[in-house]
Amino acid sequence: MNNELSTFNSEKVTNKLRSILSEHKGMVLDESILSKIDVICGNIEAELKKEGIETAMLFKDAEQSKKLKNFEERRQQERRKNDNITDVIGIGLCLLDKELKIIWANKTICNWLDLKESPIGSCCHDIYHCSEVGTKNCPAMNVFQGGSGRIIETWITTKEKRRMCVQHVATPITDERGDINNVLMLTIDATESEKIVHRLLLLQKLGEAMQGTLHLDKLLHLILTCVTSGYAFGFNRAMLFLINKEHDVLNGKLAVGPSSPEEANQIWQDISSKYTSLKDILDELDHSYNIDTPFNTMTKLMVFSLSDGREVVASCVRKKKPIIVKDAANDPRVTEEFRNTLGANQFVCVPLITKDEPKGVIVADNIYTGEPITEDLVNTLTMFAGQAALAIENAETYKRLADKMNQLTETQHKLIRSEKLAIIGSMASHVAHEIRNPLVNIGGFAKSLSRFKFTDQKIKANIDIILDEVKRLEIILNNITDFSKPPIPEKINVQICEIMENTCTLMENYLQERYVNLYKEFEPDIPQVLTDPTQIKQVFLNILMNAVESMPNGGDLTVKITTVNKSIKIDIIDTGKGMTKDALKNIFEPFFTTKPHGTGVGMAVSLKIIEDHGGNINAESEWGKGTTMSLTLPTN
Amino acid sequence: MTTILLVEDDKNQRLLYEQELRLEGYEIVTAADGKEGLGKVQEQPPDMIIMDINIPKMNGIETMGMILSKYKNIPIIINTAYSSYKDNFMSWAADAYIVKSSDLTELKNKIKEILTKKAKDLKQRQPH
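The shown structure was predicted, so the numbers you read here are calculated from the model rather than taken from an experiment.

### A look at the overall build of chain A
- Along chain A, the regular secondary structure elements total 20 helices and 18 strands.
- Considering chain A as a whole, with its 636 residues, one finds that 44% of them fall into the buried category.
- Pairs at least 24 residues apart make up 65% of the contacts formed inside chain A by residues separated by at least 6 positions.
- For chain A, the accessible area works out to roughly 34600 Å², and carbon and sulfur atoms hold 53% of it.

Here it is, written out as structure tokens:
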């Protein structure tokens, strides 16, 4: 058998074995490849038997023709030839007998296992350093017993000091009776497939990290960090472009990576000393980091038309296929502009695609290390880009949802406020009516009393107090009823500056009394607006009064009128006490007041009026520093 | 002497207006609700009517409608605690709309103004 085996091989069979192996190079070994190997082994067996017969015939022939010597030479020749073939087939072969002793091995396995001397005669576990010997997991034993056996993933260091991941597969060799006399151990290089498994695991990890991020900016940063991290894809730099459907362009969104070789060294040193795994980096990802780099700024300014599509990134998106540019200087797909901006001669564009729809593109390069971009890496990157695109879509959807939610919340707040106003309004109106009648009586009779002559001056003085108090209550009632039912505005085209001027004139004396300096900054050519001048004047008066009251010891009051985006902006700035955050939050709430004698409707009424005019009031205040009230009124 | 009918459900307020308007030299007839007011008008039509809108037994506006349909020449002043009725178009039919106040000056001025106008109108209509 021994002799026959050394002559079994036929070039046909081994070539087939090689072609299958090369076909599956870099892939995870699966059942199909194993079954193929099985078939080949079947063929080898068949060849073996045939060779056996031929040899026997040769012997016969030789005896007959007494050309034994010639035959022996021929046999030796045949053997060398076959040895050469088994040695170069790129698969480790080792034949074991029933005692698990090695009876033959090819050179490949000797080299891979870095054997110093011939393994023939040794036990299999001596050369494989297998820990399964004697256990029920021993693949060779299993095969001898009619089962199957293999050892997945063993790391070895070859004679050439290469780290290699191998799989051992035991295959039975049967004689013509079908008995298993030998086991052929196939040792297959699985380093590439192992690498791919590693990448798939990485992809899974990155995918998980991405799916957990719904904030778009953070997500983009995370994606590019994955592309550039040494623990993941390890590119030097990466840029991300997203499609803007409205304008049919690709917009530069973010770029991660150093802007110069010096910076690159610095960053990589920092990272390797700080982090030990990708997870570390992702966990510690500071989303403001790298944002101010020239590379990022440059990327954000980049816009490429999609309809034009000449640009390599645009065609990448259109074709939905990754593009590896190996020599940008001589590649017709790359425009000079892009080449100059990027500055790298070799780079890769990978499209971001979800549901067959392109979302954008990632561009990555190794400008500083000059490491070539392999197709393998690009394939993995493409898979990653698919996940990234999905995550981006999720984040975008989430953002749209969040925007809608914000809108809804705002509308709800407005609704609640107007509902509140309505309830308060009707209540206030009722209470006001109920109070007004007795008040009329108190005040009215007090007045009629005051017409009498009193000898005691005190009586007259007390009556006057009653009258004053009644008047004060009536003013409050008027405020409340005005608030509960603000009149429909009667709008005419007016000049806001004039209304403000009038209001200021009205307050001139009051301002002087309080030592308040008034500064007016009106932009020239403020357009007229359709407003109810009486109501607007009431609002101005209200806010100016509040401002003055916040400056009991005097101060500066600035009134600015400017045009901003089709609306008029009126800023009323004081240097008064300012408001606490709590007060600021509530100033537009009806009946909220910080003043001892305030009714708390002034700002609520003011806001209602301005809103009726399609405008808005914004209040900013800092406790102890002052308050700025900004009113906007649309001009059309 | 000018007679003014005052329709007001608040007893003290009726007393207040009576006192104050008498001092102005008017003859005051009072009614506590719309129904009574209408009766008083039918009994002896006054020169002017002052009424609250929110009076019991026939809402003020309803009473006003009835009076206006029969006695077109009697001026009516609505004197009420509600400013909201101002928007009710029926109240436009009134000659004046005054929001109640302890200060009766506005009411008194309005009465004078309307009476002067009425006298002038009458004069114009009378043949010389």
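### Description of the nonpolar core
All names here are of chain A.
- Membership of the largest hydrophobic core comes to 41 residues, with the highest contact counts inside it found for Ile496, Met500, Leu557, Ile570, Ile572, Met629 and Leu631.
- The element that contributes the greatest number of residues to this core is helix α17 (residues 496-513), accounting for eight residues.
- In contact with methionine 500, other than residues within four places in its own chain, are Phe522, Phe540, Leu544, Val559, Ile561, Ile570 and Ile572.
- By size, the runner-up hydrophobic cluster in this structure holds 37 residues, among which are Leu206, Leu352, Phe384 and Ala388.

### Some remarks on the packing of helix α18 (residues 533-549) of chain A against helix α20 (residues 602-612) of chain A
Residues and elements named next belong to chain A.
- In the contact formed by α18 and α20, the axes pass within 9 Å of each other and the chain directions differ by 145°. The crossing of α18 and α20 is left-handed. Contacts between α18 and α20 involve Gln535, Ile536, Gln538, Val539, Asn542, Ile543 and Asn546 from the first element and Gly602, Met603, Val605, Ser606, Ile609 and Ile610 from the second.
- Residue composition of the contact of α18 with α20, by class: seven nonpolar, six polar and no charged.

### What to know about the packing of helix α9 (residues 216-228) of chain A against helix α15 (residues 375-450) of chain A
Residues and elements named next belong to chain A.
- One way to put it is that α9 packs onto α15 with a least axis distance of 10 Å and a crossing angle of 170°. The angle between α9 and α15 falls in the class roughly antiparallel. Judged by residue contacts, Leu216, Leu219, Leu220, Ile223, Cys226 and Val227 of α9 engage Leu381, Phe384, Ala388, Ala391, Ile392, Ala395 and Glu396 from α15.
- Considered class by class, the residues forming the contact of α9 with α15 number 12 nonpolar, no polar and one charged.

### Here's the deal with the interface of chain A and chain B
- Taken together, the contact pairs 18 residues of chain A with 21 residues of chain B.
- Both faces combined, the contact of chain A with chain B buries some 1700 Å², and carbon together with sulfur accounts for 51% of it.
- For chain A, the biggest contributors to the area lost against chain B are His433, Val440 and Phe445 of chain A; these three give 31% of the whole.
- Viewed at the interface, chain B and chain A are joined by two salt bridges.
- Among the ionic pairs, lysine 447 of chain A bridges to aspartate 103 of chain B, the shortest N-O distance being 3.8 Å.

### What to know about the sheet that holds strand β5 (residues 180-189) of chain A
Residue and element names in this part refer to chain A.
- In space, the five strands of this open sheet follow the order β2-β1-β5-β4-β3, with antiparallel pairing throughout. Across the chains shown, the open sheet's two edge strands, defined by having one partner strand only, are β2 (102-105) and β3 (149-157). Taking the axes of each pair of neighbouring strands and ignoring which way they run, one obtains an average angle of 25° across the sheet.
- Here β3 runs beside strand β4 (residues 163-174); their pairing, made up of seven bridges, is antiparallel. Residue pairing in the sheet places tryptophan 155 in a bridge with cysteine 165 of β4.
- Contacting β3, β4 and β5, helix α8 (residues 191-211) crosses the sheet at an angle of about 120° to β4.

### Points about helix α3 (residues 60-70) of chain B
Residues and elements named next belong to chain B.
- All buried positions along α3 are accounted for by Gly60, Ile61, Thr63, Met64 and Ile67. When α3 is viewed along its axis, its buried side chains cluster within an angular range of 155° and face the same direction. Facing away from the buried side of α3 by more than 90 degrees, the exposed set consists of Ser69 and Lys70.
- Buried residues along α3 sit against α2 (34-43), β3 (48-51) and β4 (76-80).

### Here's the deal with the sheet that holds β3 of chain B
Residue and element names in this part refer to chain B.
- Pairing is parallel across the open sheet formed by five strands, whose spatial order is β2-β1-β3-β4-β5. Single-partner strands in this sheet number two, and they are β2 (27-31) and β5 (96-99). In this sheet, adjacent strand axes meet at a mean angle of 20° when their direction is disregarded.
- Of the strands in this sheet, β3 and β4 are in contact with α3, which crosses β3 at around 165°.

### Some words on the packing of aromatic side chains
Residues and elements named next belong to chain A.
- Counted under the stated rule, the structure contains three aromatic pairs over all chains.
- Between phenylalanine 241 and phenylalanine 304 the ring centres are 5.8 Å apart and the planes differ by 55°, which places this aromatic pair in the tilted class. One end of the pair, phenylalanine 241, is in strand β6 (residues 237-244); the other, phenylalanine 304, is in strand β8 (residues 303-305), with 63 residues separating them in the sequence. Note on accessibility: phenylalanine 241 and phenylalanine 304 belong to one class, buried.

### Description of α17 of chain A
Residue and element names in this part refer to chain A.
- Over its 18 residues, α17 extends 26 Å from the first C-alpha to the last, a length consistent with the 26 Å expected when each residue adds 1.5 Å.
- The largest bend along α17 measures about 50° and falls at methionine 507.
- What α17 keeps buried is the set Ile496, Cys497, Ile499, Met500, Thr503, Cys504, Met507, Tyr510 and Leu511.
- Downstream of α17 by a residue or two, tyrosine 515 has a phi angle that is positive, lying close to 55°.

### Considerations on the state of the cysteines
All names here are of chain A.
- Applying the stated rule across the entire model yields zero disulfides over all chains.
- The thiol sulfur of cysteine 124 is not disulfide-bonded, and the nearest other cysteine sulfur, from cysteine 138, lies at 5.5 Å.
- According to the relative accessible area criterion, cysteine 124 is buried, its value standing at 7%.

### A word on unusual backbone geometry
Residue and element names in this part refer to chain A.
- Not every positive phi belongs to a glycine, and lysine 320 is a case in point at roughly 55°.
- For lysine 320, the location among the structural elements is in the loop between α13 (312-319) and β9 (323-325).
- Taking the relative accessible area as the measure of exposure, lysine 320 reaches 30% and is therefore partly exposed.
- In this structure, asparagine 565 is a non-glycine residue whose phi angle is positive, near 45°.
- Structurally, the position occupied by asparagine 565 is in the loop between β15 (555-564) and β16 (567-574).

### Observations concerning the side chain of asparagine 251 of chain A
Residue and element names in this part refer to chain A.
- Positionally, asparagine 251 belongs in strand β7 (residues 249-256).
- What makes asparagine 251 buried here is its relative accessible area of 18%.
- Leaving out residues up to four positions away in the same chain, asparagine 251 has contacts with Leu240, Phe241, Leu242, Asn244, Met302 and Val303.

The rules behind the values
- Residues numbered from 1 in each chain as written.
- Chains lettered and ligands numbered in written order.
- Predicted model: local features only at pLDDT ≥ 70, side-chain atom pairs only at ≥ 80, totals over all residues.
- Heavy atoms only, no water.
- Helix = DSSP H or I, 4+ residues; strand = E, 2+ residues; numbered from the N terminus.
- Buried < 20%, exposed > 50% of the residue type's maximum accessible area, 1.4 Å probe, protein only.
- Contact = heavy atoms within 4.5 Å.
- Areas by Shrake-Rupley, 256 points an atom, 1.4 Å probe, with all protein chains shown as cover.
- Core = buried A, V, L, I, M, F, W, Y, C linked by side-chain atoms within 4.5 Å.
- Axes fitted to C-alpha atoms, helices over the stretch in contact; angles between N-to-C directions.
- Left-handed = near helix turned anticlockwise from the far one by under 90°.
- Nonpolar A, V, L, I, M, F, W, Y, C, P; charged D, E, K, R; others polar.
- Parallel < 35°, antiparallel > 145°, perpendicular 65-115°, else oblique.
- Buried area = accessible area lost by both parts, 1.4 Å probe.
- Salt bridge = Lys/Arg side-chain N within 4 Å of Asp/Glu carboxyl O.
- Pairing = 2+ DSSP bridges.
- Arc of directions from axis to C-beta.
- Phe/Tyr/Trp six-rings, centres within 6.5 Å; stacked < 30°, edge-to-face > 60°.
- Expected span 1.5 Å × (residues − 1).
- Bend = angle between axes of the 7 residues up to and from the residue.
- Disulfide = S-S within 2.5 Å.

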